[in-house]
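Overview (structure and organization)
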Amino acid sequence: MTNTPGEYKPSRRDVLRPIEYVGGAAIAAIFTGLVVLITARDLMLALIIAGIAFIVVLMTLALLSMAIKPNAEEAAEIDGDEPPAAPPASPGH
């Protein structure tokens, strides 16, 4: 994809990535809430635990995504440069 230097248009995957995190946290929260609801039979407790699970899972996913260091191709894409070429392999090494 070629963009002008001043214009950045994120890819579809970049746009949908936050939705993946929220969706994963929501699925974990629903599962946790259902388990608590079935075992304790208290709706308010299940909602509280589901909310806590949602926040914890969402924060964990966000922190883990920030901890990942981009590789050379991703860094070049962020900077708007061409990805670096692989160095030629020397025979015998």
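Use the structure listed above.
What comes next concerns the included structure. Note that the structure is predicted; figures quoted are calculated from it, not measured.

Before going further, it helps to spend a moment on the overall build of the protein. The helix and strand inventory of the protein stands at three helices and zero strands. Listing each helix as α and each strand as β along the protein from the N terminus yields α-α-α. By the burial criterion, 9% of the 93 residues in the protein qualify as buried. Residue pairs at least 24 apart in sequence account for 42% of intrachain contacts in the protein once pairs closer than 6 positions are excluded. Surface summary for the protein: the accessible area is close to 8,000 Å², and the carbon and sulfur share equals 68%.

Residues Ile30, Leu34, Leu37, Ile38, Leu43, Met44, Leu47, Ile48, Ile52 and Val56 make up a contiguous nonpolar surface patch of roughly 980 Å² in combined accessible area. Here the element with the most residues in the nonpolar patch is helix 2 (residues 43-67); it accounts for six residues. Take Ile38: it is sitting in helix 1 (residues 12-40).

Let us look at helix 1. An ideal rise of 1.5 Å per residue puts 42 Å on 29 residues; helix 1 measures up with 42 Å between its terminal C-alpha atoms. For helix 1, the principal kink sits at Pro18 and spans about 30°. Of all the positions in helix 1, only Ala25, Ala29, Gly33 and Val36 are classed as buried. Summarising the contacts, the buried residues of helix 1 are in contact with helix 2. In the stretch just after helix 1, Arg41 is the one whose phi turns positive, near 55°.

This brings us to unusual backbone geometry. Despite not being glycine, Arg41 shows a phi value in the positive range, around 55°. For Arg41, a relative accessible area of 73% puts it in the exposed group.

Glancing now at the packing of helix 1 against helix 2. Packing of helix 1 against helix 2 leaves a shortest axis separation of 7 Å and a crossing angle of 150°. With respect to each other, helix 1 and helix 2 are oriented roughly antiparallel. Where helix 1 crosses over helix 2, the handedness of that crossing is right-handed. Listed contacts from helix 2 to Tyr21, Val22, Gly24, Ala25, Ala26, Ala28, Ala29, Thr32, Gly33, Val36, Leu37 and Ala40 of helix 1 are Leu43, Leu45, Ala46, Ile49, Ala50, Ala53, Phe54, Val57, Leu58, Leu61 and Ser65. Looking at side-chain class alone, the contact of helix 1 with helix 2 contains 19 nonpolar, four polar and no charged residues.

Cut-offs applied
Residue numbers restart at each chain and count upward from 1, following the sequence in its written direction. A pLDDT threshold of at least 70 governs which residues receive local features in this predicted model, and a stricter bar of 80 or more applies before side-chain atom pairs are shown or counted, although totals over entire chains, interfaces and linings include all residues. Here the side-chain values reflect all heavy atoms present in the structure, with hydrogen atoms and water set aside. For the purposes of this entry, the term helix denotes a DSSP run of H or I that reaches at least four residues, the term strand denotes a run of E that reaches at least two, and both are numbered from the N terminus. Think of it in three bands: residues with accessible area under 20% of the maximum for their type are buried, residues over 50% are exposed, and the middle band is partly exposed, with areas taken using a 1.4 Å probe on protein chains only. In this analysis, two residues are considered to be in contact whenever any of their non-hydrogen atoms come within 4.5 Å of each other. Surface accessibility in these figures is a Shrake-Rupley result with a 1.4 Å probe; residues are shielded only by whichever protein chains are displayed. The patch calculation keeps residues exceeding 30% relative accessible area without a salt bridge and links them within 9 Å when they carry like charges or within 5 Å when they are nonpolar (Val, Leu, Ile, Met, Phe, Trp, Tyr). A carboxyl oxygen of Asp or Glu within 4 Å of a side-chain nitrogen of Lys or Arg is what we treat as a salt bridge. Each residue after the first adds 1.5 Å to the expected span of a helix. At every residue, the bend is computed as the angle between two fitted axes, covering the seven residues ending there and the seven beginning there respectively. Each axis is a line fitted through C-alpha atoms, taken for helices only over the stretch in contact, and angles between the N-to-C directions span 0 to 180 degrees. An angle below 35 degrees is treated as roughly parallel, one above 145 as roughly antiparallel, one from 65 to 115 as roughly perpendicular, and anything else as oblique. Should the near helix be turned anticlockwise from the far one by less than a right angle, the crossing is left-handed, and should it be turned clockwise, the crossing is right-handed. Charged residues are taken to be Asp, Glu, Lys and Arg, nonpolar residues to be Ala, Val, Leu, Ile, Met, Phe, Trp, Tyr, Cys and Pro, and polar residues to be all remaining types, Gly included.

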